Amino acid sequence: MAAIAFELPDDVKDVVEGLLAFARSEVVPRHEKHRELLEDGRRRYAEDGRIAPDVQALIREVRMAASEAGYYQMCVPESLGGGGLGMQAYYAGWQALFHALGPQYWLMLYCVSHWAFGPSRLLERVTDRARDEILEPLMKGEKGMCFGLSEPGAGSDASMIRTKAVPDGDGWVIEGRKIWTTNSPTADYCILFAVTDPERAAARKGGISAFLVPTNAPGFEVQRVVKMFGHIGGDEAELRFEGLRVEPWQVVGELHQGFANALYGVSLGRVYNSARAVGYGRWAVEMALDYAQAREAFGHPISEYQGVTFPLASSAMELHAAHLMGLNAAKLLDQGEPAVKELSMTKAYSVEIGVRAVDRAMQTHGAMGFTNELGLHEAWHTLRIINVADGTNEILRRTIIQRMLKGDLDL
Ligand SMILES: Cc1cc2nc3c(=O)[nH]c(=O)nc-3n(C[C@H](O)[C@H](O)[C@H](O)COP(=O)(O)OP(=O)(O)OC[C@H]3O[C@@H](n4cnc5c(N)ncnc54)[C@H](O)[C@@H]3O)c2cc1C
């Protein structure tokens, strides 16, 4: 029975179905074959905390297979050689993958390019020379990238960044640091942000630019992998730049207007994370419903106790609302609306209720809920952390209220 009264466009429905079939044939068997390597932290990470070379090779294999099948680049604009699909396909595709497979088949994360790690509409803003150099290997999934904005002293208030690009001949020399840069320990390119006009930056009127930099350039150093999620290694790192030279062809978008790129990219991240929260939440609640019907206590299946089932019903209501919000925000974006308020509401709400749904599913399972086998802890960790990544939930509320105070009262 349909829970939603309107249908996705046919091309989106086809792509969702194809994507699920691709993940089942290319991701799931790889996980089954390499289960120990992918699930045992001691094998998944190398001594220095980076993702181990064998695991990196599997990630690359999935990216390349997804590119070959046309899914990896499906939402990259046609002008860049991508499939040109919009945010409805992006949202619905990711939601279906996370819902069907949960967090355990995590190579699935490389089925569709994420804007910060691979090709996206952001590459429309690089110069022709940069495009010639990086586009093909990125589109084929051979190479990956990362996005370096946050610094030890600048997170939500990114205008406080201290990394600077000082003019030198035709180009600039970059000095500074970044932190939390996802994918940077293994990426081939980084889009990094630096102050190019200190006066304008201090007045919060631009003065910050984005540059595309190969991660093997002299002066680009991955200083340390930051271990997160309780793992013994990680994908986030601290970066240091010393005497890192960049030329005009490496500028992304307009000089001194780097933040426009960040906002352009981050909205894709918010769609992705909304889909992730709804997908994981649905996966967890369904697992809890199965368990509640099978597990008996005091002579009855625990599904007969409202104390067990009402929290799941509450999550069902919340997930339904979040899913409708996600579909709606994606549709608005496809209609060319900026949807800043709507996407802020969607991302903040989805991750808050998503993590609660997983938490409730853990409680339903009793001690079983905390075992590694079920993977609920992975979903919980991930959703808990995305209450901070891609704009914290407080900053998203700030955005919503700023819009409303300016008269955008449409809800
Ligand atoms: C898993 C993960 C991956 C990440 N990947 C990247 C990446 O690839 N590239 C990158 O550049 N960055 C990345 N980040 C960094 C992320 O963008 C920042 O963590 C985020 O912007 C928040 O900054 P902060 O952590 O410095 O917190 P802060 O900005 O220091 O905020 C601390 C707390 O204060 C609150 N706060 C701050 N200002 C206000 C306000 N005005 N009103 C109310 N509350 C406020 C915040 O909501 C938060 O709760 C990642 C973060 C995580 C967790």
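Residues numbered from 1 in each chain as written. Predicted model: local features only at pLDDT ≥ 70, side-chain atom pairs only at ≥ 80, totals over all residues.

Novice: How would you sum up the domain arrangement of the protein? Please name residues and give values.
Specialist: Assigned domains within the protein: domain 1 (10-126), domain 2 (145-252) and domain 3 (260-405). For domain 2 and domain 3, the distance between their C-alpha centres works out to 31 Å. Residue-level contacts link seven residues of domain 2 with seven residues of domain 3. Of the residues assigned to the side of domain 2 that touches domain 3, the class counts are six nonpolar, one polar and no charged. (Domains from an automatic or database assignment. Contact = placed C-beta atoms within 7 Å. Nonpolar A, V, L, I, M, F, W, Y, C, P; charged D, E, K, R; others polar.)

Novice: Can you tell me about helix α4 (residues 53-69), naming the residues and giving the values?
Specialist: Its 17 residues place the ends of α4 24 Å apart at the C-alpha level, agreeing with the 24 Å of an ideal helix rising 1.5 Å per residue. All of the buried residues along α4 are Val55, Leu58, Ile59, Val62, Arg63, Ala66 and Ser67. Check the buried side of α4 and you find it contacts α1 (10-33), α2 (35-39), α3 (41-44) and α6 (128-139). Phi for Gly70, located one or two positions after α4, is positive at around 90°. (Helix = DSSP H or I, 4+ residues; strand = E, 2+ residues; numbered from the N terminus. Expected span 1.5 Å × (residues − 1). Buried ≥ 20, exposed ≤ 12 C-beta atoms within 10 Å, placed from the backbone.)

Novice: If you had to explain the site of the ligand to someone new, which residues and values would you point to?
Specialist: Inspection of the region around the ligand gives 18 residues, with Leu149, Gly155, Ser156, Thr392 and Glu394 positioned closest. Those elements that provide at least two residues to the shell around the ligand are β1 (145-148), β3 (171-182) and α12 (393-405). Each residue belonging to the shell around the ligand can be placed in one class, and the counts come to eight nonpolar, seven polar and three charged. (Near = placed C-beta within 6 Å.)

Novice: How would you summarise the nonpolar core if you had to cite specific residues and measurements?
Specialist: In terms of nonpolar packing, the biggest core is built from 115 residues, with Cys111, Phe211, Val271, Ala284 and Val358 touching the most fellow members. When residues of this core are assigned to their parent elements, the largest contribution, 14 residues, is made by helix α8 (residues 259-294). Excluding residues within four positions of it along the chain, Cys111 makes contact with Leu19, Phe22, Ala23, Val27, Val62, Ala66, Tyr71, Tyr72 and Leu97. (Core = buried A, V, L, I, M, F, W, Y, C linked by C-beta atoms within 7 Å.)

Novice: So what's going on with the packing of helix α5 (residues 87-101) against α8? Residues and values would help.
Specialist: Two elements in contact, α5 and α8, have axes separated by 7 Å at closest approach and are oriented at 30°. When the axis of α5 is compared with that of α8, the two are roughly parallel. Relative to α8, α5 is oriented so that their crossing is right-handed. The residues of α8 that touch α5, namely those facing Met87, Tyr90, Tyr91, Trp94, Gln95, Leu97, Phe98 and His99, are Val271, Tyr272, Ser274, Ala275, Arg276, Val278, Gly279, Tyr280, Arg282 and Trp283. For the contact of α5 with α8, a count of residues per class yields 12 nonpolar, four polar and two charged. (Axes fitted to C-alpha atoms, helices over the stretch in contact; angles between N-to-C directions. Parallel < 35°, antiparallel > 145°, perpendicular 65-115°, else oblique. Left-handed = near helix turned anticlockwise from the far one by under 90°.)

Novice: How would you explain the pairing of β3 if you had to name every residue and give the values?
Specialist: Every regular strand shows the same layout, with side chains that alternate between the two sheet faces. Bridge count for strand β2 (residues 164-168) against β3 is five bridges, and the pairing is antiparallel. Bridge pairing links Val166 to Val173 in β3. A loop of two residues connects β2 with β3, the two strands running antiparallel in sequence, and Gly169 in this loop sits at a positive phi of about 60°. Two strands pair when backbone bridges link them, and β3 and strand β7 (residues 236-246) are joined in this way by eight bridges, in the antiparallel orientation. When the sheet's bridge partners are listed, Lys178 is paired in β7 with Leu239. (Pairing = 2+ DSSP bridges.)

Novice: Quick one: what's the story with unusual backbone geometry, residue by residue and with numbers?
Specialist: At Asn183, a position not held by glycine, the phi torsion is positive, near 75°. Looking at the element boundaries, Asn183 is found in the loop between β3 and β4 (189-195). Residue class for Asn183 comes out buried when judged on the 22 C-beta atoms lying within 10 Å of it. Even without being glycine, His256 reaches a positive phi, approximately 70°.

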